[in-house]
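Spelled out from the first residue to the last, the chains are:
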Amino acid sequence: MSNEKVKQASQIIIGTKQTVKALKSGIVQEVIVARDADDRMTEQIILLALEKGIRIEFADSRLKLGKAYGINVGAAAVAITG
C-alpha cells in the first residue's frame, strides 16, 4: 500500500456545512457532534447519520471538539471519513 492511500484512509472534516456535504456524498464513517451546539445546526447532521446508519458520538462542548481536532475555535460537528 502506498503512502498516498494511507493518508486517504482517514480524513477529518470540520464544521456543520462540510459535514452535511460529506454525509450526503456517502464518505463518512463517523460523526461527532458537540452537545452544546444549537439544535438547528446539528439536527440535519444527526438525521442524515441515522438515516445512513453512521455512528454518532457526542463531545461535551464545541470548544473541546474543536481543540481535539486542532483548531482553536469551537466546532459544532466533525465527520471522519475513510
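Structure first, text after, so check above.
Source: prediction; values computed, not measured. (Residues numbered from 1 in each chain as written. Predicted model: local features only at pLDDT ≥ 70, side-chain atom pairs only at ≥ 80, totals over all residues. Heavy atoms only, no water.)

Moving on, we come to the pairing of strand β3 (residues 55-59). Working note: regular strand, side chains alternate between the two faces of the sheet. As paired elements, strand β2 (residues 28-34) and β3 share five bridges and run parallel to each other. Note that in β3 the partner of V31 across the bridge is I56. Between β2 and its parallel partner β3, the chain crosses via helix α3 (residues 39-52), and the hand of that crossover is right-handed. (Pairing = 2+ DSSP bridges. Helix = DSSP H or I, 4+ residues; strand = E, 2+ residues; numbered from the N terminus. Right-handed = clockwise from strand over helix to strand, strands pointing away.)

Strand order in this open sheet of four strands is β1-β4-β2-β3, and the pairing throughout is mixed. At either end of the open sheet lies a strand with only one pairing partner, and these are β1 (12-14) and β3. Each strand axis lies, on average, 20° off the axis of its neighbour in the sheet, ignoring direction. Direction of pairing for β1 relative to strand β4 (residues 77-81): antiparallel, over a ladder of three bridges. Paired with I14 across the strands is V78, a residue of β4. Each of β2, β3 and β4 touches α3; the most contacted strand, β2, lies at about 150° to it. (Axes fitted to C-alpha atoms, helices over the stretch in contact; angles between N-to-C directions. Contact = heavy atoms within 4.5 Å.)

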